[in-house]
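Geometric and topological summary
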Amino acid sequence: MKLKIGDIIIILFFVISSTGIFLSHTLSRVVSDDMMVEVVIEREVVDRIPLNQNLEKTYTSELGTNTIVIEDGKIHVHDADCNDKICVNTKEAQYAGDAIVCLPNRFSVEIIGDLGGEVDAISE
């Protein structure tokens, strides 16, 4: 089976367009110096920490204990006493809007900050 010129053009179109979509999505992720890490336990914000400082901090509630590490503009859950350890195995968060959640402990960390200055919707 031989490829015809039309087949090659269609393949090149899909390769170039998918590469463009991937690059535009990757490059549009916002990273800025004013981003904060918001720590929430049982739907209550308990801490806000600048993402640009390096630290390790432990949070304890009636439901459990979670330890976060902020390093080089990235955050991850280093340790948790929950059974499933999904939060510990979640990849590091570094962009505005990224979050790591520990459902058994009702614990979450989310990076908040400038999301690009665009308004998605206005509600009245």
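All figures in this text were calculated on a predicted structure; none of them were measured in a lab.

Looking now at the environment of N54. Among the secondary structure elements, N54 is positioned in the loop between β2 (44-50) and β3 (55-61). Taking the C-alpha atoms as reference points, N54 and D72, separated by 18 residues in sequence, lie 6.7 Å from one another. When near neighbours in sequence (up to four residues on either side) are disregarded, N54 contacts I70, E71 and D72. Only 2.9 Å separates the side chain of N54 from the backbone nitrogen of D72, close enough to count as a polar contact.

This part takes up unusual backbone geometry. In this structure, E42 is a non-glycine residue whose phi angle is positive, near 50°. Relative to the helices and strands, E42 resides in the loop between β1 (36-41) and β2.

Strand order across the open sheet formed by three strands is β3-β4-β5, with antiparallel pairing between neighbours. For this open sheet the edge positions go to β3 and β5 (74-80), each flanked by a neighbour on one side alone. Going across the sheet, the axis of each strand differs from the next one's by a mean of 25°, ignoring polarity. Pairing geometry for strand β4 (residues 64-71) and β5, over six bridges, is antiparallel. Opposite T67, over in β5, you have D79 as the bridge partner.

A word on the confidence of the model for the chain. Within the chain, residue pLDDT values average 86, and 84% of them lie at 70 or more. Per-element averaging of pLDDT across the chain places helix α1 (residues 5-27) at the bottom with 84 and β4 at the top with 96.

Across the sheet, which stays open at both edges, the four strands sit in the order β2-β1-β7-β6 with antiparallel pairing between neighbours. One side of each edge strand has no neighbouring strand; the edge strands of this open sheet are β2 and β6 (99-102). Taking the axes of each pair of neighbouring strands and ignoring which way they run, one obtains an average angle of 15° across the sheet. Note: β1 against β2, six bridges, orientation antiparallel. Looking at the pairing, V40 lines up with V45 of β2.

Calculation rules
Residues numbered from 1 in each chain as written. Predicted model: local features only at pLDDT ≥ 70, side-chain atom pairs only at ≥ 80, totals over all residues. Heavy atoms only, no water. Helix = DSSP H or I, 4+ residues; strand = E, 2+ residues; numbered from the N terminus. Contact = heavy atoms within 4.5 Å. Polar contact = N/O pair within 3.5 Å; in protein donor to acceptor, adjacent residues only side chain to side chain. Pairing = 2+ DSSP bridges. Axes fitted to C-alpha atoms, helices over the stretch in contact; angles between N-to-C directions. pLDDT = per-residue confidence, 0-100.

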